[in-house]
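A structural walkthrough
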Amino acid sequence: MSDTSTATRLVKGVVLLALLVVLLALPLYVEEFWLRTGFAVFAAIIGAVGLNLLVGTTGQLSLAHAFFLAVGALTYVYVSGDPGGSAIEYGGFGLPPIVGMVAGVVMAGLAGVLFSPIAARLRGIYLGVASLGLVFIGQHLLNTWTSVSGGFNGRLAPAFDLFGFSFGGNEEPYLAVLGVPFGQAERLWYLGLALCALACWFASNLLRSRPGRALQNVRDSEVAASVMGVNVQEYKAKVFLVSSMYAGLAGVLYALSIGSVAPESFSLLLSVQYLAMIVLGGLGSVGGAAMGAAFVSALPLVLQQYSGSLPFIVEPGQPGIVASQAAAFLYGGAIVLVVMFEPGGLAGLARRLKRQPRPPQESPPVSTTSSAPADSSSGGTPR
Amino acid sequence: MNQFLSLLLNGLSLGAIYALIALGFVIIFKASEVVTFMQGSLLLLGAYLIARLSEPIGFWAAAAVGIVGTAAAAVLVERLLISRLRGAPVISLAILTIGVDLIILTEITRRIGSDILNVGHPWGGDAVSIGGVGITTNRALAIVVAGILIGAFFIAFKFSSWGIAMRAAAEDGEAAALMGIRLGWVSMVAWLVAGVLAAVAGLFATGSPTPGVTPAIWAVALAALPAAILGGLDSTGGALVGGLIIGVATAMAAGYQDQIAFLGRGFGEVVPYVVMVAVLLVRPSGLFGTRDVTRV
Amino acid sequence: MSTTQLRKDVRPLTIDNVTVRFGALLALSEVSFSVEPGAVHAVIGPNGAGKSTMFNVLSGVYEVSEGEVRFGDEVLTGRKPHQIARLGVARAFQNIALSGSQTVVQNLMLGRHRLTTAGFVSAGLRLPKARNEEKRHTARVCEIAEFLELGNKLHVPVGVLSYGDQKRVEVARALSTEPRLLLLDEPVAGMNAEETARMAQTVLEIRDALGITVILVEHDMGMVMGIADRVTVLDFGRRIADGTPDEVQADPEVIRAYLGSGDETDPAAAAAHGTAEETP
Amino acid sequence: MNTNKRRAITLVSAVLLVTATGCSTKAEEGGGDTTSEDGVKIGRGIEGDTISLGSLTDLTGVFAALGADITNAQALYWKTLNAGDKICGTYSVDEIVKDHGYDTQRGIQLYSSFKEDVLAIEQTIGSPINTGLAQQLEADSMVNIPGAWAQSLTEVAENTVVGSTYEVEMINVLDYLLEEGEIEEGAKIGHIYFEGEYGEGGLAGSEFFAEQHDMEVVEVQIQPTDTDMTAQVTKLESEGVDVIAITVAPGQTASIAGVAAASGLDVPIAGNNPVYAPGLLDTPAGDALKANLYVASPVAPFDQKPEILKAYQAEFDNDPTLGVMFGFAAADVMRQILEKACDDGDLTPEGVLAAKESIGTVDTGGIAVPLEFIVGESPSNASYIFKADDVPGGAVSVSDLYEGDDVAAFVEGG
């Protein structure tokens, strides 16, 4: 290890640690709305990190992420929820929420495994569009299978608790830290933070080790990866599994964040939002996915909250651009700008600010799916 | 039997509209290796322009402006964004078009607001009877015009210098460039043609029997995407066949809902995707798409 | 210099009557030759002769239509690329196929894939087993990088390296798999004379130090004739000659193939391989 | 490196210590109810002499048309009220309007952004959002007026549904057609409906009605994104239906009427509340709509209340739908509940909830049907019935308040 890499690693560690301290202390200061927004952001980060493993790291375009989120969310509410419903009756096992959470992750993974034979057969864009089909078929399934989903309006999500410690609902045992009562929002914040940190840690470990290197080479050159001894099909299937499990966990948190789940929430739009997160944040980077997720999922809420004091946004009901439209313009525009000028996304920008060398865009990887001619004249020279 | 014929005719007219959009997907893919997700907003843009202008300047002039305007918008996107990113990963380009789509869609949605804009077709809500089966004039015209346009496209594709250049470029971009084919020009014309096709699709997708221009017609292009894929993303003939298959399958599934009730109510909506996934399972590159050979 | 001590598990490679068809196109037609253990064996031929196709067959990327490739007792044909890699066949690509955003060490560590075992769970959780393995193999990979004069660029993203360095990383990555058979696909293409000479030297050192077989596809005749023990010449998918460099150079059919193909090659390719027709 | 590490750890611990000991702003939150000068108990959502009401609307999603009209109408209503009588003679009303764009998660988040600041909610659009909020509404004693009329909404005590449920409306409009001789006993009803509570509520109504009158229902389900109704109408035509019942959105209504006319299926079309918008008269289907469409509605069409239309158009320049009438009605219901709470001397959220439960029959002066809020029951059995026409507001009433003969039986049976 060279000195510079140790030094940057130390700086990185200190920054991360400081960030963690701030995040840990935040519930003492900020209001419920922001804590709830934060919890939604943590959920989105987990989902985005998972999608980034698949799309950013391995180069497998998937628009099915909303479907796997739905599987996670629905499994959680079915396994841990009680039977109920008025207009449409639905079932439930009423098992402890932690069982539901694990089941949600496992079922989403299973769904990914079931889809992966199709995924393995398809390349690039065909996979992208086939996975788009999964979102529509999944939504149809959920709307039809009302005994699980509660139908169009959905069903309530059971509050989470862990060995008698409640993260919502009854708020038992009563807890106050430094005079601040720790209610549902505060508790969920810590739950989200812990799971999110764990998910990011796991993913960044993965990227820096044997499986991660194999996945990145699958993206850059499938042929080279296989010739180096990587079983490409197997790795594609495995990363699909892992990505779906991340989505499943994100789905469980999504259900906890809303307090209910409805099939409608898991539309194509959600998949597109997740894609936007990882593109804006930076394909293939864990920190980037986190930044992108925070940006995309919090932006509409932040704009909405401050719409009164932002000059270009009008209050709801007035002619002009309202907050959610402004958010759509902003992240649509951000996607365009990022792809055009900073393919590394927010992560790339951060790296550039630190003045670290960055590979030029036109450098290899030479993709095997593009029609690189079979003679050496193009080797290394950009088109 | 009458119901069947009626559904078939309706499905074909719907399929003709899908085919126009799907053809746009395919042309763009062949010429610039971009899978565009912005056909929906181009279609909406075309329909919006026509509807907004048909009152002040008359329908025919509005149609002309709408088509030219949409084509211009497509060319603008190609020139300003796509052409500067030659060789970028396919995924980045696809996501770029999603971003552009989001911007256009949001703006037009904002402009339409809560209205339903009337396209102002001179044929209005008229209907014609073909072999005892009724169909709105608008949809009958859709079949005719789509037929003519697609026919003209195939002739141009086969014989015009652009068509030849484009096929060469799709075969091997590098070699084509070495032989003096201007890839930028090929790509620009492809986007132009796709813009025209999207606007024409918008023109017919919005009139009777649908009420008029609402942001919801953006979703029409979403059904055309599986049409392009199941035909084979690099096959122009495949786009036509795929469009018709999706159109007819959707109409049949909606019309014979009772017979397929075990698949759940409202199954018609997901038919395009079910058909597509089924086809892809058997033929991973679509019905007429070429399988790519790995070259190292 | 020639202290060649053959690695014990290096076996002869036998290409037996291999034919590859793409539709109507015959890329390889009944090609047979064999490669002795520990040899530097060159495969040459004009553009489109089938050299790359041959490499793709050897590494399992293409399936043969007929024929068989054997590495010792093991039949390579019919296996997937990653299975062949596990038998100790490594390949450096002609078009650089590295991960540009990753550092030199990370790229070389991919070469260790077949020798390591960490899976998703143990790597993701940083289990001690995975960490120790990582440490051990990183040390070895650094040695290999040192060997290819990349020692001062270990933590540089490959994408920012010079073209010549990237080619060396390609070779280093192939070596990182601890191969018994090394396939080098045009290792000096696009290099200047000095770099070429260095690479030629390196190839010999690899063979001598590791005692493995090297098969070389190369356009640069000077280099091929200088270092190859044996040369196989392909033209239009057929084997037209096989022998020592001297024998091959004297072969009338080889001379005809090279002179005849000169004006058929496309201009861009010819410009890039101006050295292709030179004989020393 | 070791010293570096130690330094870093020291730094971080210092930050942690400062953070922990630094007094938290959140800890001081007191809250609690107080009593105003004139002896009325007040609490959350009242600052000085201003009452804050929340609004969770959709201005950018699929229900943007409805959301904009309701929001505009309510703004106008409170503007007028604030300039005049005020609530309790003292309090003016301030609105906190949030646009969720029909995104459930965003809707729930936005609720938490204002729930500490508002006394009640005057508008929540979106069934999944209302479902998701149910538990929180109960926990916060938050009286809420949903922009929907589903039976399940009436089962939450805090919800104040302004109108009859979808089931009741559908029965009313079909009953009206039967009474007028537009359809006969034993007829065949073709019902095109959205997936979800709205569509299925309407379907439950037509099925109940069919049972009572020896009729048969042919059902066709669609999704909100589906705007071309050719296949669906073709199916109904081949089944030979005598009337088309619809619980869809205006876009589909126009398509259904247009296709039916084009294919010669000249039968009445019976819809309930949000199926119609005056803008549809400009589409090619306009004539067909005027000829055949009958709509049951919880609020009167504009021809009954021209002054509201005039006041609205003086303020806003869009083509108003009945959402405007609903906005006025909902605001008026909210005003009456707040007045009742004030009379009872308790303007806390709990007091407002109690007022809502004890208010009895609410009369909005002919804007909405008379309402009575009993948990689990349709707040009304009556509907306004109107037809599309080229008049200001695009609709004319064809009957006074109409209550079908079967409604009572349905309410008791259900």
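Since this is a predicted model, take the numbers as computed values, not measurements.

This paragraph deals with the overall build of chain C. When helices and strands are tallied, chain C shows 11 helices and 10 strands. What you see for chain C is a C-alpha radius of gyration of 19 Å, in line with the 19 Å of a compact globule of 280 residues. In terms of its C-alpha atoms, chain C occupies a principal-axis envelope of roughly 60 × 40 × 40 Å. In chain C, of all internal contacts separated by at least 6 residues, the share reaching a separation of at least 24 is 70%. With the model as given, the accessible surface of chain C reaches about 11300 Å², and the carbon-plus-sulfur share is 50%. Measuring between centres, the 29 positive side-chain charges of chain C sit 11 Å from its 37 negative side-chain charges.

The secondary structure content of chain D amounts to 13 helices and 16 strands. Taking the principal axes of the C-alpha coordinates as reference, chain D spans close to 85 × 65 × 45 Å. The 414 residues of chain D split such that 64% are buried. One way to put it: in chain D the 20 positive side-chain charges average out to a point 15 Å from where the 67 negative ones average out.

Together, Glu179(D), Glu180(D), Glu182(D), Glu403(D) and Asp405(D) make up a region of like negative charge exposed at the surface. Residue placement: Glu182(D) occurs in the loop between α5 (166-179) and β8 (188-194).

The subject of this paragraph is a nonpolar patch on the surface. There is a patch of nonpolar side chains on the surface, built from Leu198(A), Trp201(A), Val121(C), Leu125(C) and Leu127(C) and spanning about 450 Å² of accessible area. Here Leu127(C) lies in the loop between α4 (120-124) and α5 (128-147).

Quick look at the arrangement of the chains now. Where the five pairs of chains in contact are concerned, the greatest contact count is recorded for chains A and C. At the level of C-alpha atoms, the two units chain C and chain D stay apart, their nearest approach being 20 Å.

On to the domain arrangement of chain C. Residue and element names in this part refer to chain C. For chain C, the assigned domains read domain 1 (1-88 + 180-280) and domain 2 (101-178). Measuring from the centre of the C-alpha atoms in domain 1 to the corresponding centre in domain 2 gives 26 Å. Taken together, the 21 residues of domain 1 in the interface contact 12 residues of domain 2. Carbon and sulfur atoms supply 63% of the area buried between domain 1 and domain 2, which totals about 1300 Å² over both sides.

Bringing the UniProt feature "domain: Leucine-binding protein" (unreviewed entry) in chain D into the picture now. Under the UniProt annotation, the feature "domain: Leucine-binding protein" (unreviewed entry) is placed at residues 50-372 of chain D. Overall, residues 50-372 of chain D shows 46% helix and 17% strand. The separation of its end C-alpha atoms is 28 Å.

Residues and elements named next belong to chain D. Domain annotation of chain D identifies domain 1 (10-163 + 301-380) and domain 2 (166-297 + 384-413). Placing a centre on the C-alpha atoms of domain 1 and another on those of domain 2 gives a separation of 31 Å. Contact residues are listed per partner, giving 22 residues for domain 1 and 17 residues for domain 2. Buried area between domain 1 and domain 2, both sides added, is near 1700 Å², and the carbon and sulfur share of it is 60%. Summed over the three residues of domain 1 that lose the most area to domain 2, namely Trp149, Pro301 and Leu322, the buried surface amounts to 29% of that side. At the surface where domain 1 touches domain 2, the tally comes to zero salt bridges.

So, on to the state of the cysteines. Under the defined criterion, the tally for this structure stands at one disulfide over all chains. With no disulfide partner, Cys196(A) has as its closest neighbouring cysteine sulfur the one in Cys200(A), 4.3 Å distant.

For the rest of this paragraph, the subject is helix α11 (residues 322-343) of chain D. Residues and elements named next belong to chain D. Here α11 contains 22 residues, and its C-alpha end-to-end distance of 31 Å stays within 8% of the 32 Å for a straight helix at 1.5 Å per residue. α11 sits mainly inside the fold: 18 of its 22 residues count as buried. Immediately beyond the C-terminal end of α11, within one or two residues, lies Gly345, with a positive phi of roughly 80°.

This next bit is on the packing of aromatic side chains. By convention here, two paired aromatic rings are described through the distance between centres and the angle between planes. Tallied over the entire structure, the rule returns 30 aromatic pairs over all chains. Considering the side-chain rings of Phe59(B) and Trp123(B), the 5.5 Å spacing of their centres and the 80° angle between planes classify their relative orientation as edge-to-face. Taken as a pair, Phe59(B) in helix α3 (residues 59-80) and Trp123(B) in the loop between α4 (90-112) and β1 (127-130) lie far apart in primary sequence, 64 residues in all. Ring centres 5.5 Å apart and planes at 90° place the aromatic pair Tyr176(D) and Tyr402(D) in the edge-to-face group. Taken as a pair, Tyr176(D) in helix α5 and Tyr402(D) in the loop between β16 (395-397) and α13 (407-413) lie far apart in primary sequence, 226 residues in all. Across this residue pair, the class does not change: Tyr176(D) and Tyr402(D) are buried. What links up through ring pairs into an aromatic cluster is the set Trp149(D), Tyr166(D), Phe194(D), Tyr198(D) and Phe326(D). Note that Lys238(A) overlies the ring of Tyr235(A), its terminal NZ or CZ placed 5.8 Å from the centroid.

Residue and element names in this part refer to chain C. Between its terminal C-alpha atoms helix α7 (residues 193-210) stretches 26 Å, which fits the 26 Å expected from 18 residues at 1.5 Å a residue. Of all the positions in α7, only Thr196, Met199, Ala200, Thr202, Val203, Leu204, Ile206, Arg207 and Asp208 are classed as buried. Turning to α7, the residues buried within the fold contact β3 (40-44), α5, α6 (163-176), β7 (181-185), β8 (213-217) and α8 (221-227). Immediately downstream of α7, the backbone of Gly211 shows phi near 65°, a positive value.

Our next topic: the pattern of salt bridges. Under the definition given, this model contains 34 salt bridges over all chains. The partner of Arg111(B) in a salt bridge is Glu107(B), with the nearest N and O atoms 2.7 Å apart. Taken together, the positions of Arg111(B) and Glu107(B), both in helix α4 and four residues apart, correspond to about one turn of that helix. Of the charged contacts, one joins Arg21(C) and Glu66(C) as a salt bridge, the two residues approaching to 3.2 Å between their closest N and O atoms.

Moving on to the pairing of strand β4 (residues 66-71) of chain C. All names here are of chain C. Judged from the five bridges that link them, strand β1 (residues 13-22) and β4 form a sheet pairing that is antiparallel. Paired with Asp16 across the bridge in β4 is Glu68. What sits between the antiparallel neighbours β4 and strand β5 (residues 74-75) is a turn of two residues, in which Gly72 has the positive phi angle 65°.

Backbone geometry places Glu33(B), a non-glycine residue, at a positive phi of 55°. With respect to the helices and strands, the residue Glu33(B) is situated in the loop between α1 (2-32) and α2 (39-57).

Turning our eyes to something else, we now look at the packing of helix α11 (residues 268-281) of chain A against helix α12 (residues 286-305) of chain A. Residues and elements named next belong to chain A. Put simply, α11 and α12 touch, their axes get as near as 7 Å, and they point 125° apart. Looking at the two axes, α11 sits oblique to α12. Relative to α12, α11 is oriented so that their crossing is right-handed. Taking contact as the criterion, the partners of Gln273, Ala276, Met277, Ile278, Leu280 and Gly281 in α11 are, on α12, Gly288, Ala289, Gly292, Ala293, Phe295 and Val296. Here the residues of the contact of α11 with α12 are counted per class, giving eight nonpolar, four polar and no charged.

About the thresholds
Residues numbered from 1 in each chain as written. Chains lettered and ligands numbered in written order. Predicted model: local features only at pLDDT ≥ 70, side-chain atom pairs only at ≥ 80, totals over all residues. Heavy atoms only, no water. Helix = DSSP H or I, 4+ residues; strand = E, 2+ residues; numbered from the N terminus. Rg over C-alpha atoms; globule rule 2.2 N^0.38 Å. Contact = heavy atoms within 4.5 Å. Areas by Shrake-Rupley, 256 points an atom, 1.4 Å probe, with all protein chains shown as cover. Lys, Arg positive; Asp, Glu negative; His and termini not counted. Charge placed at Lys NZ, Arg CZ, Asp CG, Glu CD. Buried < 20%, exposed > 50% of the residue type's maximum accessible area, 1.4 Å probe, protein only. Patch = residues over 30% accessible without salt bridge, like charges linked within 9 Å, V, L, I, M, F, W, Y side chains within 5 Å. Salt bridge = Lys/Arg side-chain N within 4 Å of Asp/Glu carboxyl O. Domains from an automatic or database assignment. Buried area = accessible area lost by both parts, 1.4 Å probe. UniProt positions renumbered as here; feature names shortened; annotations may be inferred. Disulfide = S-S within 2.5 Å. Expected span 1.5 Å × (residues − 1). Phe/Tyr/Trp six-rings, centres within 6.5 Å; stacked < 30°, edge-to-face > 60°. Lys NZ or Arg CZ within 6 Å of the ring centre and 35° of its normal. Pairing = 2+ DSSP bridges. Axes fitted to C-alpha atoms, helices over the stretch in contact; angles between N-to-C directions. Parallel < 35°, antiparallel > 145°, perpendicular 65-115°, else oblique. Left-handed = near helix turned anticlockwise from the far one by under 90°. Nonpolar A, V, L, I, M, F, W, Y, C, P; charged D, E, K, R; others polar.

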